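An overview of the molecular structure
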Amino acid sequence: MSPTGQGGAMDLALEEAESVEGVRKTDGPGGSGEKARSLWSDAWHQLRRNPVFVVSSLLILFLVVISIWPQLIASGDPLQCDLSKSQEGSSPGHPFGYDTQGCDVYTRTVHGARASITVGICATVGAALLGSVFGGLAGFFGGWGDSLLSRVADIFFGIPVVLGGLVFLSVVTSTTVWPVVGFIVLLGWPQIARIARGSVITAKQNDYVQAARALGAGNGRMLLRHVAPNAVAPVIVVATIALGTYIALEATLSFLGVGLRPPTVSWGIDISNAASQIRNAPHMLLYPAGALSITVLAFIMLGDAVRDALDPKLR
């Protein structure tokens, strides 16, 4: 390459640009000139071949569909009960039997997916957005804002989740899912904020960010165009795994009587009602508890598969 005549720094920059372009156009094994895949395309390429991801994704898709349209597989009314059938076992058209109030356990188990999936998704989105914004800004700018975020996060980390839920939700009279969602977001965002902060601190030290700063790029452009896309992967992994734990937390709070409340249909409520009748009618507990366990396991499996695909160190 001939010198530019504008100094060694400019020549070095051009050499680096040409080397990067050469990497992008590197020939494959067959010399076909195929382009190198990005992190996201490479992760998707691996995920499509991961049976854990495929199975968990199909299961989660099924759960989301029945939470939106439970009538597809359960045409009955979960609030329609017949006391004369209290605690009866399986019968034609009612494979899961009846609970203490004479309600169809199968119908309630299917309809209970809506509340749990809604709480899990809304809480995860809220905690991820709040944590990513606060953690990303603190990690990028540093200074007193970073120190303040760390101290505030320490305060929230010191609050026991179950005890905090008992105190916070016991004064709420609403029967909707939003108080539970708000409480989970309130205690869930510091974890994601710490992950986002550490990821942004690592990303902003990369050479391409320093080069963008040297070329005069503003803070907003560097954060949105260069830092955030390369720091979001750990946040996605943590949020995916946390979604399953949030669903389990909602069921725990509902079991304790401070989460979702009747007439809302929830797995946690049904498990709480069945706990005292486990010897007389174990089917009341078996099916909602099994549905809850399968749902939480599916999201955890999905998070593990996404983590393996997005973390090059695990390949």
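What you are looking at is a predicted structure, and each value in this text was computed from that prediction instead of being measured.

Turning our eyes to something else, we now look at the environment of Leu 292. With respect to the helices and strands, Leu 292 occurs in helix H11 (residues 283-310). Overall, Leu 292 belongs to the buried group, its relative accessible area being 13%. Taking the C-alpha atoms as reference points, Leu 292 and Ile 247, separated by 45 residues in sequence, lie 8.0 Å from one another. If we ignore the near neighbours within four places in the chain, the residues touching Leu 292 are Ile 247, Ala 248, Ala 251, Trp 267 and Ile 271.

Right, let's talk about the environment of His 45 for a bit. Note that His 45 resides in helix H2 (residues 39-47). Between the C-alpha atoms of His 45 and Ala 309, which are 264 residues apart in sequence, the distance is 8.8 Å.

In this structure the tally under the stated criterion is 1 disulfide. Disulfide pairing is shown between Cys 81 and Cys 103; the S-S distance is 1.6 Å. Here the S-S torsion is close to 70°, and the disulfide linking Cys 81 with Cys 103 is therefore right-handed. With a gap of 22 residues between them, Cys 81 in the loop between helix H3 (51-68) and helix H4 (105-141) and Cys 103 in the loop between H3 and H4 connect regions that are remote in the sequence.

Within helix H6 (residues 161-169), burial applies to Gly 164, Gly 165 and Leu 169. Angular distribution of buried residues about the axis of H6 spans 105°; they occupy a single face of the element. When the buried face of H6 is taken as reference, the exposed residues oriented beyond 90 degrees from it are Leu 163 and Val 167.

Moving on to the packing of helix H9 (residues 219-255) against helix H10 (residues 267-275). The interhelical angle for the contact between H9 and H10, taken along N-to-C directions, is 45°, at an axis separation of 7 Å. With respect to H10, the element H9 is oriented oblique. In this structure, the crossing between H9 and H10 has a hand that is right-handed. On H10, the residues that touch Ala 251, Ser 254 and Phe 255 of H9 are Gly 268, Ile 269, Ile 271, Ser 272 and Ala 275. Residue classes in the contact of H9 with H10 are distributed as 5 nonpolar, 3 polar and no charged.

Turning our eyes to something else, we now look at the nonpolar core. One finds Ile 247, Leu 292, Phe 299 and Leu 310 to be the most contacted residues of the largest nonpolar core, which totals 29 residues. Elements with a contribution of two residues or more to this core: H2, H3, H4, H9, H10 and H11. Here this core gets 12 residues from one element, more than from any other, and that element is H11.

Time to look at the pattern of salt bridges. Within this structure, the stated rule accounts for 6 salt bridges. Note that Arg 108 and Asp 270 form a salt bridge whose closest N and O atoms lie 2.8 Å from each other. A residue pair is termed long-range when its members are at least 10 positions apart, and Arg 108 in helix H4 and Asp 270 in helix H10 qualify at 162 residues. Take Arg 108 and Asp 270: they sit in the same class, and that class is buried. Between Arg 307 and Asp 304 there is a salt bridge; the shortest N-O distance is 3.8 Å. Within this pair, Arg 307 and its partner Asp 304 are both found in helix H11, separated by 3 residues, close to a single helical turn. Accessibility expressed as a relative area gives 35% for Arg 307, which makes it partly exposed. Residue Asp 304 is classed as partly exposed on the basis of its relative accessible area of 27%.

So, how was this worked out
Residues numbered from 1 in each chain as written. Predicted model: local features only at pLDDT ≥ 70, side-chain atom pairs only at ≥ 80, totals over all residues. Heavy atoms only, no water. Helix = DSSP H or I, 4+ residues; strand = E, 2+ residues; numbered from the N terminus. Buried < 20%, exposed > 50% of the residue type's maximum accessible area, 1.4 Å probe, protein only. Contact = heavy atoms within 4.5 Å. Disulfide = S-S within 2.5 Å. Arc of directions from axis to C-beta. Axes fitted to C-alpha atoms, helices over the stretch in contact; angles between N-to-C directions. Parallel < 35°, antiparallel > 145°, perpendicular 65-115°, else oblique. Left-handed = near helix turned anticlockwise from the far one by under 90°. Nonpolar A, V, L, I, M, F, W, Y, C, P; charged D, E, K, R; others polar. Core = buried A, V, L, I, M, F, W, Y, C linked by side-chain atoms within 4.5 Å. Salt bridge = Lys/Arg side-chain N within 4 Å of Asp/Glu carboxyl O.

The values are spatial; any link to function lies outside them.
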